[in-house]
Amino acid sequence: MTAPAERSERVTLPRHGGDRPIPRTVLRGARLVGADGEHGVHDLWLADGRIEGLDLPGDAEVELDARGLVATPAFLDPHVHLRTPGQEEKEDLASGLAAAAAGGFGTVVSMANTAPVVDDPAIVADLVARAAELGLARLRPAAALSVGMRGEQLADYAALRDAGAVMITDDGIPVADAHLQRRACEYARELGLVIQTHSEDPGLRQGGVMHEGAVSHELGLPGNPAEAESVMIFRDGEIARMTGARVHIAHVSSERGMRVIEFLKAEGAPITCEVTPHHLTLTDEAWRDFDPVVKVAPPLRTAADVAYLRDAVRRGVVDCLGSDHAPHTRAEKERDALTAPFGLPNLEVVFPLLYTDLVRAGHVPLERLLDLLQDGVARVMGWAAPTLAPGAPADVVLLDLEAEASVEPARFLSKAKFSPWAGRVLTGWPVATLVAGRLAFSRTR
Ligand code: DOR
């Protein structure tokens, strides 16, 4: 690895099996930072897939010059769409998990709205096995809440959990039937599984393609009101309180929705919530050129909503980030505003975007952003907090907080090579990501 100033183009590593030998590795002179603050400049040693310790003697098989770089636990993402099985023209495990590693993520939770839907333990087991062979980011699949995501019949959560599913969700399709949501929560609670909701009331949402407000009225596009979200969050939070299930509210987009979450939390409902990078950085104004690249569900809201979400992050109301990386083909996103699919790819820009717009802009300290990407996700999922302490998994990201680069979608490792942030110059980029002690991504080598 070269010094930051000399760093050149990003280079993907050759595809490699996760079973190849793990080299003893040292990251020389890294500034160790975590959600709990700064831990000084050290040589960080990794061996046998785990953190070995600081400033150790001996020889390394791989030596990375980390001077001037931050070393911190690789990020966790509770919400990505990897489109496999069945929609590999949009994304597959190799491209999606490479994109995750390029974004600094060591672990991602994949959504179940594939074709077929992930409602069968054999599909879960196959995803886990195929991802492990790649040796990129770790994959922890979510499974569907209802069979076929049809909102009629519960899937077999015990079998899905035994196969490796870590979350239950019909994300992409709201669960219209409150009784089904209640039964899902009761079942998941017995198994200790997290239920994630896509909280948009189908009746209020109707055919809305963007936020309902002044801009949608001006543009003449069908609107989706913030109340579609807040009403459904209230229902889902009340069912969480009633059943005691751990319910995670995905991609909160509106001030109204966040205020309802604050109310429910104050009432003791066992809920957590996430916000996405796009809802923290873009508004419905982005629709003015009618480009469905910004068509997402829930929709981009107003500047006041963005300001409220940012403040909720600062106040600690938001438990974690969820990218909602949702790749589609360019052809699909080039359709008109009404028929293009919802979703945008973002795994590779999450950190620089939020470091630039939240941390450098002075809204939150770096530690708060790291908490959203590390410990916060672990708390939501019930996982051990990621750490660089000896014995922990050697999942580490090196960040160059000074590096400036423009977003170039053509160079995304994701198959979805478009972005609403294309051309934006952002500061603070992942330089290398190690997963279980192996380089899963490096910008140079
Ligand atoms: O924008 C979105 N795209 N929101 C969702 O909830 C689903 C996702 C997708 O699957 O494309």
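Residues numbered from 1 in each chain as written. Predicted model: local features only at pLDDT ≥ 70, side-chain atom pairs only at ≥ 80, totals over all residues. Heavy atoms only, no water.

**Here's the deal with helix α10 (residues 303-315)**
And step 1. End to end, α10 covers 18 Å across 13 residues, agreeing with the expected 18 Å (1.5 Å per residue, within 8%).
And step 2. All of the buried residues in α10 are Asp-305, Val-306, Tyr-308, Leu-309, Arg-310, Ala-312 and Val-313.
And step 3. Immediately beyond the C-terminal end of α10, within one or two residues, lies Gly-316, with a positive phi of roughly 85°. (Helix = DSSP H or I, 4+ residues; strand = E, 2+ residues; numbered from the N terminus. Expected span 1.5 Å × (residues − 1). Buried < 20%, exposed > 50% of the residue type's maximum accessible area, 1.4 Å probe, protein only.)

**Comments concerning the site of the ligand**
And step 1. By nearness alone, 14 residues border the ligand, and Arg-83, Asn-113, His-198, Ala-297 and Phe-342 come closest of all.
And step 2. In the model, an oxygen atom of the ligand is placed 2.7 Å from a nitrogen or oxygen of the Arg-83 side chain.
And step 3. The contact in question runs from an oxygen atom of the ligand to an N or O atom on the backbone of Gly-343, over 3.2 Å.
And step 4. For the shell around the ligand, the per-class residue count stands at 4 nonpolar, 7 polar and 3 charged. (Near = heavy atom within 4 Å. Polar contact = N/O pair within 3.5 Å; in protein donor to acceptor, adjacent residues only side chain to side chain. Nonpolar A, V, L, I, M, F, W, Y, C, P; charged D, E, K, R; others polar.)

**Details of the nonpolar core**
And step 1. Counting 86 residues, the largest nonpolar core has Leu-97, Tyr-157, Met-258, Ile-261, Val-275 and Phe-351 as its most contacted members.
And step 2. Counting residues per element, this core draws most heavily on helix α1 (residues 93-102), which supplies 8 residues.
And step 3. Setting aside anything within four residues of it in sequence, one finds Phe-351 in contact with Phe-75, Leu-366, Leu-369, Leu-370, Leu-373, Leu-399, Leu-401 and Gly-428.
And step 4. Core analysis: the second largest hydrophobic core is formed by 22 residues, Val-215, Leu-300, Ala-337 and Leu-426 among them. (Core = buried A, V, L, I, M, F, W, Y, C linked by side-chain atoms within 4.5 Å. Contact = heavy atoms within 4.5 Å.)

**Points about α1**
And step 1. In terms of burial, α1 is a largely internal element, 10 of the 10 residues being buried.
And step 2. Among the residues of α1, those classed as buried are Leu-93, Ala-94, Ser-95, Gly-96, Leu-97, Ala-98, Ala-99, Ala-100, Ala-101 and Ala-102.
And step 3. Check the buried side of α1 and you find it contacts β7 (105-110), α2 (121-134), β8 (138-143), β17 (425-435) and β18 (438-442).
And step 4. The distance from a side-chain oxygen at the start of α1 to the backbone nitrogen of Ala-94 is 3.2 Å, and the residue carrying that oxygen is Asp-92.

**Overview of the pattern of salt bridges**
And step 1. Under the definition given, this model contains 28 salt bridges.
And step 2. In this structure, Asp-65 engages Arg-67 in a salt bridge whose closest nitrogen and oxygen atoms are separated by 2.7 Å.
And step 3. Arg-67 gets classed as exposed once you look at its relative accessible area, which sits at 56%.
And step 4. In the salt-bridge network here, residues are joined through shared partners; they are Glu-262, Asp-311, Arg-314 and Arg-315. (Salt bridge = Lys/Arg side-chain N within 4 Å of Asp/Glu carboxyl O.)

**Re the packing of helix α12 (residues 350-360) against helix α13 (residues 366-373)**
Helix-helix packing is characterised by the crossing angle of the two axes and by the distance between the axes.
And step 1. Running from amino to carboxyl end, α12 crosses α13 at an angle of 145°, the nearest separation of the two axes being 10 Å. The handedness of the crossing between α12 and α13 is right-handed. Touching Val-350, Phe-351, Leu-354, Tyr-355 and Val-359 of α12 are Leu-366, Leu-369, Leu-370 and Leu-373, all from α13.
And step 2. Among the residues forming the contact of α12 with α13, the class breakdown is 9 nonpolar, no polar and no charged. (Axes fitted to C-alpha atoms, helices over the stretch in contact; angles between N-to-C directions. Left-handed = near helix turned anticlockwise from the far one by under 90°.)

**Some details on unusual backbone geometry**
And step 1. In this structure, Pro-85 follows Thr-84 across a cis peptide bond, with omega equal to 10°.
And step 2. Going from Ala-297 to Pro-298, the amide bond is cis rather than trans, its omega being -5°.
And step 3. Relative to the helices and strands, Pro-298 is located in the loop between α9 (277-281) and α10.

**Details of the packing of aromatic side chains**
And step 1. Counted according to the given criterion, the structure contains 5 aromatic pairs.
And step 2. When the centroid spacing of 6.3 Å and the interplanar angle of 35° are considered together, the rings of Phe-234 and Phe-263 count as tilted. Of the two residues, Phe-234 sits in helix α7 (residues 226-243) while Phe-263 sits in helix α8 (residues 255-266), which places them 29 residues apart along the sequence.
And step 3. A relative accessible area of 36% places Phe-234 in the partly exposed class.
And step 4. Using a relative accessible area of 41% as the deciding quantity, one classes Phe-263 as partly exposed.
And step 5. When the ring of Phe-351 is compared with that of Tyr-355, the centres are 5.5 Å apart and the planes differ by 15°; the resulting orientation is stacked. Within this pair, Phe-351 and its partner Tyr-355 are both found in helix α12, separated by 4 residues, close to a single helical turn.
And step 6. Given a relative accessible area of 0%, Phe-351 falls into the buried group. (Phe/Tyr/Trp six-rings, centres within 6.5 Å; stacked < 30°, edge-to-face > 60°.)

**Focus: the packing of α8 against α10**
And step 1. Closest axis-to-axis distance for the α8/α10 pair is 9 Å, and the angle between their directions is 30°. As the angle between them shows, α8 and α10 are arranged roughly parallel. Listed contacts from α10 to Glu-255, Met-258, Arg-259 and Glu-262 of α8 are Ala-304, Asp-305, Tyr-308, Leu-309, Ala-312 and Arg-315. (Parallel < 35°, antiparallel > 145°, perpendicular 65-115°, else oblique.)

**What about the state of the cysteines?**
Here, disulfide denotes a covalent bond that connects the sulfur atoms of two cysteines.
And step 1. In this structure the tally under the stated criterion is 0 disulfides.
And step 2. Cysteine Cys-273 is unpaired, with the sulfur of Cys-320 as its nearest cysteine sulfur at 7.6 Å.
And step 3. What makes Cys-273 buried here is its relative accessible area of 0%.
And step 4. With a relative accessible area of 0%, Cys-320 lands in the buried category. (Disulfide = S-S within 2.5 Å.)

**Section: the sheet that holds β8**
And step 1. With parallel pairing, 8 strands are arranged side by side in an open sheet as β6-β7-β8-β9-β10-β13-β14-β15. Every interior strand has two partners, whereas the edge strands, β6 (75-80) and β15 (320-321), have only one.
And step 2. Pairing between strand β14 (residues 271-275) and β15: 2 bridges, direction parallel. Note on β15: the bridge partner recorded for Glu-274 is Cys-320.
And step 3. Taken strand by strand, α8 contacts β13 (247-249) and β14, and its axis lies near 155° from that of β14. (Pairing = 2+ DSSP bridges.)

**Thoughts on the pairing of strand β16 (residues 396-406)**
And step 1. Two elements, strand β5 (residues 70-73) and β16, share 4 bridges in a ladder whose sense is antiparallel. Among the inter-strand pairings, Thr-72 is bridged to a residue of β16, identified as Val-397.
And step 2. Bridge analysis of β16 against β17 gives 8 bridges, and the strand direction is antiparallel. Residue pairing across strands places Ser-406 opposite Val-425, the latter belonging to β17.

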